[in-house]
Amino acid sequence: LPKVIAFLTAWVNDLGGDIKGGGKSSAAADKVVEEIRAKGGKAVANYDSVEDGEKLIQTALDAFGKIVFFFFFFYCVFNFIPDLIHRVHLRGAFMVTRAAWNHMKNQKFGRIIMTASTAGIYGNFGQANYSAAKLGLYGLANTLAIEGRKYNIHCNTIAPTAGSRLTQSVMPPDLVESMKPEYVAPLVLWLCHEQCKENGGLFEVGGGWIGKLRWERSQGHIVRHKNQRMTPEAVRDHWDNICDFTDAAKPVSIQEGLQMVVEVLSKVDSEGGVSGNPTASAASASAVGQKLPPTSFSFSHTQCIIYALGVGMSTKDPDHLRFLYEGHEDFSCLPTFGVIPSQAAMMDGGLASVPGLNIDFTRVLHGEQYLELYKPLPTSGMSSFAVAAHTRKQAQIISVNTYSGDELVCYNQWSVFVVGAGGFGGKRTSDRAKALVPPPNRAPDAVVTDSTTRDQAALYRLSGDWNPLHIDPSFAAMGGFKAPILHGLCSFGFAARHVLKQYANNDPSRFKAIKVRFVKPVLPGQSLQTEMWKEGNRIHIQCKVKETDAVVLSGAYVDLHGAAEGGGLQSELVFAEIGRRIKDLGSELVKKVNAVFGWEITKNGKTAAQWTIDLKSGTGSLHKGPYSGKADVTFTVSDEDFMEVVQGKLNPQKAFFAGKLKVRGNIMMSQKLEVILKDYAKL
């Protein structure tokens with residue numbers, strides 16, 4: 001602790017009152033300041049009431065120029081009138097926090113520690129006013145933790161047991177000595193450290209012991225059923241189930257707290273009971289599982305160029321010319337143009353045509369988008385579509401397959417929400433929905449920033465999204481927006497082309513798929529900043545508005561084909577043969593092998609292809625690219641060494657011990673490969 005204090009810069013506030021709350025003295029604060037200075041730290045005292053939060057913060061700013069963290073500790077004062085207790089403990093904490101908050105936001109760092117009490121957590125006889133104030137501090141801290149997270153401001157709460165000016169008069173001296181504040185301070189110092197990622201935690205601490213608390217919620221019991229009143233007798237009869245903490249849930253957010261209620265509504269709906277929004281559920285009942293008639297869309301190079309301009313491409317960048325000039329030798333269509341024909345199909349034959357679904361389009365929000373390409377998009381042609389609609393609670397999933405002739409070109413999945421609709425019916429989740437993936441917990445590998453123009457939305461809408469929300473101020477106001485907003489798919493296009501340039505040299509043939517969640521709107525004229533993390537052929541992305549640091553695309557990723565995929569890999573032929581054998585003899589192979597094998601084929605030291613042989617489920621399958629499941633064993637080997645192994649020229653064991661063949665997972669499963677490579681593949 002003395003070593004830590006030597007680096008400490010602190011401001012110390014103490015009004016200096018006695019244990020009954022009376023009087024005023026500078027002695028208590030001055031004593032702590034002297035102790036810190038004696039250890040080599042820097043400190044300044046303040047004697048104002050915590051209700052004068054601005055004065056406290058100004059003292060620190062005048063002395064040190066910034067606020068890094070603060071720790072609220074107020075002596076326990078009993079028998080006060082309730083108003084004063086709340087003013088000191090709860091309102092005082094609020095006032096000081098409010099005074100410091102913007103300083104922490106601006107410097108993108110802050111740590112706040114609230115001091116609650118076990119009296120607030122558990123209650124205590126004769127301390128109703130104090131208990132209420134102390135638990136109120138924990139509620140305040142929880143909300144600050146949520147609101148401060150994006151600004152790197154963390155807020156935690158401690159409930160300490162320690163000797164103090166108050167407790168020394170009621171505790172035996174030896175107990176006061178064994179409960180020194182020194183046994184609390186290290187927890188506070190760690191929670192204030194920049195390396196500590198804890199946020200929203202609640203800790204009991206004292207005597208050298210620290211414990212973290214969390215909420216538990218029983219699984220409960222539904223006491224409301226179809227065409228029946230909910231009665232107190234039903235509550236009484238199921239009281240044991242309601243209070244049974246077997247397999248208890250541990251919610252950590254208000255969303256998780258509400259999840260059970262939403263699931264209950266879904267269960268009651270499914271048996272024909274009362275729904276959270278009966279009108280919406282009735283209207284959407286016929287929307288579940290709809291397959292709509294095919295539609296068609298024709299386009300030329302003009303539409304491809306307009307789209308490229310709409311997502312920010314410019315002749316200022318020579319690399320963009322291949323997407324802007326039809327006479328360029330490598331003239332190409334941006335991969336994300338794949339959403340445009342799909343959108344036309346969805347609006348003409350999809351969302352607007354789902355039977356029984358009456359929607360106010362001023363309240364439609366685009367929630368998520370997934371696009372997968374099976375081949376590079378043509379720069380002109382006629383496309384046809386197969387559209388299927390599936391619903392889940394509060395969202396409709398529209399799946400669109402796009403064909404050029406009989407050939408499948410790309411697949412889109414739209415998740416659409418309606419503000420205030422209360423649910424489309426159907427299940428809360430859908431196994432058809434492509435999952436979002438959070439980025440790695442490290443600094444981005446690359447960051448690209450692009451400015452949108454004031455007319456960006458006006459330009460993008462020429463690609464076919466004519467929603468007046470993006471151009472008409474009065475219509476935007478009807479939807480609850482202060483001004484017309486940028487299309488989410490425009491931000492989507494910006495982010496995708498950032499990845500394409502950063503990691504694929506603007507080669508559209510490298511693009512495989514993209515998934516995003518639309519979080520917040522962007523105003524035309526703001527700058528978009530795309531943060532990227534490379535994990536093999538998957539590029540995790542997060543897109544922000546640079547001016548506000550608000551996240552606009554989250555849980556997002558772009559999958560790329562390896563640089564060598566599509567040519568130059570001899571192993572492609574081997575896996576093609578394995579795929580044919582699985583198709584013919586899959587059921588028999590599943591019985592014999594019952595395992596999932598992953599392969600990472602490298603070329604020039606980099607991953608060039610990924611394959612998964614699934615001989616555990618169904619009739620077996622061969623999958624190319626990133627695999628969403630878990631392989632029992634995964635092999636990493638170069639393309640050349642792989643061919644040597646399967647042709648019998650290189651012994652697998654020798655390859656393993658020579659470091660040419662790397663294995664992770666259940667290595668014993670590798671023995672079953674002989675069934676695939678020799679008995680059936682005939683390689």
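Residues numbered from 1 in each chain as written. Predicted model: local features only at pLDDT ≥ 70, side-chain atom pairs only at ≥ 80, totals over all residues. Heavy atoms only, no water.

## Regarding the overall build of the chain
Looking only at helices and strands, the chain has 22 helices and 22 strands in total. For the chain, with 683 residues in total, the buried portion stands at 45%. (Helix = DSSP H or I, 4+ residues; strand = E, 2+ residues; numbered from the N terminus. Buried < 20%, exposed > 50% of the residue type's maximum accessible area, 1.4 Å probe, protein only.)

## Observations concerning the pairing of strand 17 (residues 551-560)
Burial of strand 17 is extensive: nine of the 10 residues sit out of reach of the surface. Sheet topology note: the strand 14 (residues 511-518)/strand 17 ladder contains six bridges and is antiparallel. Looking at strand 17, one finds that lysine 515 is bridged to tyrosine 557. Across six bridges, the pairing between strand 16 (residues 538-545) and strand 17 is antiparallel. Opposite cysteine 543, over in strand 17, you have leucine 553 as the bridge partner. (Pairing = 2+ DSSP bridges.)

## Looking at the side chain of histidine 154
Mapped onto the secondary structure, histidine 154 falls in strand 5 (residues 153-160). Setting aside its immediate chain neighbours within four residues, histidine 154 contacts Gly110, Arg111, Ile112, Cys196, Lys197, Glu198 and Asn199. (Contact = heavy atoms within 4.5 Å.)

## Some points on the pattern of salt bridges
Here the structure, examined in full by the defined rule, presents 14 salt bridges. Lysine 515 is the partner of glutamate 368 in a salt bridge, and the nearest nitrogen-oxygen pair spans 2.9 Å. One end of the pair, glutamate 368, is in strand 9 (residues 364-373); the other, lysine 515, is in strand 14, and 147 residues separate them in sequence. Taking relative accessible area as the criterion, lysine 515 reaches 0% and is therefore assigned buried. A salt bridge links arginine 442 to aspartate 445; the nearest nitrogen and oxygen atoms lie 2.7 Å apart. Under the relative-accessibility criterion, arginine 442 is labelled partly exposed at 35%. A relative accessible area of 40% means that aspartate 445 is categorised as partly exposed. Taken together, the shared-partner salt bridges in this structure form one network comprising Glu368, Lys515 and Arg517. (Salt bridge = Lys/Arg side-chain N within 4 Å of Asp/Glu carboxyl O.)

## Overview of a nonpolar patch on the surface
Taken together, the side chains of Phe656, Phe657, Ile667 and Met668 make up a nonpolar region of the molecular surface, amounting to roughly 430 Å² of accessible area. Within the fold, isoleucine 667 resides in the loop between strand 22 (661-665) and helix 22 (673-680). (Patch = residues over 30% accessible without salt bridge, like charges linked within 9 Å, V, L, I, M, F, W, Y side chains within 5 Å. Areas by Shrake-Rupley, 256 points an atom, 1.4 Å probe, with all protein chains shown as cover.)

## What to know about helix 13 (residues 301-310)
Listed as buried for helix 13 are Cys304, Ile305, Tyr307, Ala308 and Gly310. Looking at the residues trailing helix 13, positive phi occurs at glycine 312, about 95°.

## A short note on the packing of aromatic side chains
Summed over all chains, the structure comprises 11 aromatic pairs. An angle of 75° between the planes, with centres 5.7 Å apart, marks the rings of tyrosine 307 and phenylalanine 337 as edge-to-face. In this pair, tyrosine 307 sits in helix 13 while phenylalanine 337 sits in the loop between helix 14 (321-324) and helix 15 (339-349), placing the two residues 30 residues apart along the sequence. Of the two residues, tyrosine 307 and phenylalanine 337, both sit in the buried class. Among the aromatic residues, ring-to-ring pairing joins Phe297, Phe299, Tyr307, Phe337 and Tyr460 into one connected group. Positioned above the aromatic ring of phenylalanine 494, the side-chain terminus of arginine 497 is 4.8 Å from the ring centre. (Phe/Tyr/Trp six-rings, centres within 6.5 Å; stacked < 30°, edge-to-face > 60°. Lys NZ or Arg CZ within 6 Å of the ring centre and 35° of its normal.)

## Topic: the state of the cysteines
The final tally for this structure, using the stated rule, is zero disulfides. Note on cysteine 410: no disulfide assigned, nearest cysteine sulfur contributed by cysteine 333 at a separation of 9.7 Å. Under the relative-accessibility criterion, cysteine 410 is labelled buried at 1%. (Disulfide = S-S within 2.5 Å.)

## Observations regarding helix 6 (residues 128-148)
Counting along an α-helix, one turn takes 3.6 residues, and residues three or four places apart therefore face a common direction. With 21 residues, helix 6 ought to run about 30 Å at 1.5 Å a step, and its terminal C-alpha atoms sit 30 Å apart, in line with that. When we look at burial in helix 6, the residues that qualify are Asn129, Tyr130, Ser131, Ala133, Lys134, Leu137, Tyr138, Leu140, Ala141, Leu144, Ala145 and Gly148. (Expected span 1.5 Å × (residues − 1).)

## A closer look at the confidence of the model for the chain
Across the chain, pLDDT averages 79, with 76% of residues at or above 70. Note that residues 72-81 has pLDDT below 50 and, in this model, 33 contacts with residues that lie over four places away or in other chains. Every residue in residues 420-429 scores below 50 in pLDDT, and together they form 36 contacts with partners more than four places removed in sequence or on other chains. (pLDDT = per-residue confidence, 0-100.)

## Details of the pairing of strand 18 (residues 595-603)
Most of strand 18 is tucked away: eight of the nine residues are buried. Here strand 18 runs beside strand 19 (residues 606-615); their pairing, made up of nine bridges, is antiparallel. For glutamate 600, the partnering residue across the bridge sits in strand 19 and is glutamine 610. Linking two consecutive strands that pair antiparallel, namely strand 18 and strand 19, is a turn of two residues; a positive phi of about 55° is found at asparagine 604 within it. Here six bridges tie strand 18 to strand 21 (residues 633-638), and the two strands are oriented parallel to one another. Looking at strand 21, one finds that glycine 598 is bridged to threonine 634.

## A look at the sheet that holds strand 21
The five strands are arranged 20-19-18-21-22 in an open sheet whose pairing can be described as mixed. Two strands close off the open sheet at either side, each with one partner strand: strand 20 (621-624) and strand 22. In this sheet, adjacent strand axes meet at a mean angle of 20° when their direction is disregarded. The sheet strands contacting helix 19 (residues 571-593) are strand 18, strand 19 and strand 20, and the helix crosses strand 19 at an angle near 20°. Packed on one face of the sheet, helix 20 (residues 639-646) meets strand 18 and strand 21 and runs near 110° to strand 21. (Axes fitted to C-alpha atoms, helices over the stretch in contact; angles between N-to-C directions.)

## Quick word on the environment of glutamine 610
Along the chain, the position of glutamine 610 falls in strand 19. With 12 residues separating them in the primary sequence, glutamine 610 and glycine 598 have C-alpha atoms 7.5 Å apart. In this view, glutamine 610 contacts Asn537, Trp599, Glu600, His623, Lys624, Gly625 and Pro626; residues no more than four positions away in its chain are not counted.

## What to know about unusual backbone geometry
Even without a glycine there, the phi angle at asparagine 152 is positive, about 65°. A positive phi angle, near 65°, is found at aspartate 549, a position not held by glycine. By the element assignment, aspartate 549 lies in the loop between strand 16 and strand 17.

## Some points on the packing of helix 19 against helix 20
Running from N to C, helix 19 and helix 20 point in directions that differ by 50°, and their axes come no closer than 9 Å. In this view, helix 19 runs oblique relative to helix 20, as classed from their interaxial angle. The residues of helix 20 that touch helix 19, namely those facing Ser571, Val574 and Phe575, are Asp639, Phe642, Met643 and Val646. A breakdown of the residues in the contact of helix 19 with helix 20 according to their chemical character gives five nonpolar, one polar and one charged. (Parallel < 35°, antiparallel > 145°, perpendicular 65-115°, else oblique. Nonpolar A, V, L, I, M, F, W, Y, C, P; charged D, E, K, R; others polar.)

## Remarks on the environment of alanine 476
Here alanine 476 lies in helix 17 (residues 473-478). Discounting chain neighbours no more than four positions away, the residues touching alanine 476 are Leu469, Phe481, Ala483 and Pro484.

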